[in-house]
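Here's the letter readout for the chains.
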Amino acid sequence: MPLTLNRPRRAERLSDPDSHPANTTTTLPMWATLSAGTPGYRELRYPFAWGDFVVTVVGEPRPWLTPMMQAFGALLELRTGWDAYGSPPIQSAYIESALAVIFAVMRDDTPAPSVVPTSRGGVQIEWHTRGVDLEIEFETPFLIRGSFEDHRTGQSWEKDLSFDQNALVQAIAVLSQRT
Amino acid sequence: MPGPPYEDDPSIRDDAALWRIIHPNWIVRDDNERGWRISSAAFYDSKDGSPLSVLLAEIIASTGRTADDLLMRFTGRGLAAITAAAARAHRQGVARTPHPDEPAHASVFGDKTGSVRRALAQAANWVHFPK
């Protein structure tokens, strides 16, 4: 399923005409997207407190898409001190990084992950299903660590996934093929 | 704040219960165990470098408070406990770091790799599941 993400628009990127109240929006207009006018493509919008995630899909969205996007949106609504320990809000840079990785590795038949905030204002994505424990930790938007444990085969690893995500792709394949 | 160098406090016995307030977003589905688990994300050190905050259950009790009293300030949160022994078994130390408004505050210090955080999460038991 081809997917693209249109980021929420930032104020500093607006031109003067765009800044007119009648023209303001939190997302790119349809005419500005690569998929504009392409038959079969459609936009799905997942609103959160200060914008929308906009995902362009072909055909029916996969079952994991909506719960995952709603979970990411909920993270962006956490305020300072959300965890009772004075933690900062979740930074959008972490969300963007996590979404980029997720859209690159998810398959049609991958189960929906849990999307979890960290006390550092970051994000962790995890699965505990089909005999597999798989966690992806975004320690910074660019420092990504993963852990995998297959309870059926005994295989396990912990890896830095910042530059090479082949192990993650294989782990997602195992997770997706299982029943 | 990172604070001074921390030293493991031997007056905190191995069986001492260390309470950690758990946000509902830290509770994730675990189909492998047909239930729910506490995410390892609940056991990161703070962004400012200060170590993992916990509360010494014995100090909470000695000040005449209960878990319910504690959670009144934190609606929707839960409370989980690890023992000092579980922390020490994963290369962590435990130090008393009382705050002016919380004499039971303590810190679990040490390098928290993913495997350490997962071990702490798996060692945690519920004191109070979020309502």
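Rules and cut-offs
Residues numbered from 1 in each chain as written. Chains lettered and ligands numbered in written order. Predicted model: local features only at pLDDT ≥ 70, side-chain atom pairs only at ≥ 80, totals over all residues. Helix = DSSP H or I, 4+ residues; strand = E, 2+ residues; numbered from the N terminus. Rg over C-alpha atoms; globule rule 2.2 N^0.38 Å. Buried ≥ 20, exposed ≤ 12 C-beta atoms within 10 Å, placed from the backbone. Contact = placed C-beta atoms within 7 Å. Expected span 1.5 Å × (residues − 1). Arc of directions from axis to C-beta. Pairing = 2+ DSSP bridges. Axes fitted to C-alpha atoms, helices over the stretch in contact; angles between N-to-C directions. Domains from an automatic or database assignment. Nonpolar A, V, L, I, M, F, W, Y, C, P; charged D, E, K, R; others polar.

## Some thoughts on the overall build of chain B
At step 1: Scanning chain B for helices and strands turns up four helices and eight strands.
At step 2: Against the globule reference of 14 Å for 131 residues, chain B gives a C-alpha radius of gyration of 14 Å, in line with a compact fold.
At step 3: The principal-axis extent of the C-alpha atoms belonging to chain B is close to 40 × 35 × 30 Å.
At step 4: The buried share among the 131 residues of chain B stands at 38%.
At step 5: The long-range fraction of contacts in chain B, counting pairs at least 24 apart against all pairs at least 6 apart in sequence, stands at 74%.

## Quick look at the overall build of chain A
At step 1: When helices and strands are tallied, chain A shows four helices and eight strands.
At step 2: In chain A, which comprises 179 residues, the share counted as buried stands at 26%.
At step 3: In chain A, 49% of the contacts between residues at least 6 apart in sequence involve partners at least 24 apart.

## Points about helix 3 (residues 92-105) of chain A
All names here are of chain A.
At step 1: Here helix 3 is 14 residues long and its end C-alpha atoms lie 20 Å apart, about the 20 Å a rise of 1.5 Å per residue gives.
At step 2: Within helix 3 the residues assigned to the buried category are Tyr94, Ile95, Ala98, Leu99 and Ile102. Buried residues of helix 3 fall within an arc of 130° about the axis and therefore sit on the same side. Exposed and oriented more than 90 degrees from the buried face of helix 3 are Ala100 and Ala104.

## Overview of the sheet that holds strand 4 (residues 52-56) of chain B
Residues and elements named next belong to chain B.
At step 1: An order of 6-7-4-1-5-8 is seen for the six strands of this open sheet, with the pairing classed as antiparallel. The sheet is open, and its two edges are formed by strand 6 (93-96) and strand 8 (125-128), each paired on a single side. Averaged over neighbouring strand pairs, the angle between their axes works out to 40° when direction is ignored.

## Here we look at the domain arrangement of chain A
Residue and element names in this part refer to chain A.
At step 1: Along its sequence, chain A is organised into domain 1 (1-61) and domain 2 (62-179).
At step 2: Contact with domain 1, which involves 11 residues of that partner, is made by 13 residues of domain 2.
At step 3: Those elements that provide at least two residues to the side of domain 1 that touches domain 2 are strand 2 (41-48) and strand 3 (51-58).
At step 4: Considering each element in turn, the side of domain 1 that touches domain 2 owes the most residues, three residues, to strand 2.
At step 5: Residues that form the side of domain 1 that touches domain 2 fall into these classes: 10 nonpolar, no polar and one charged.

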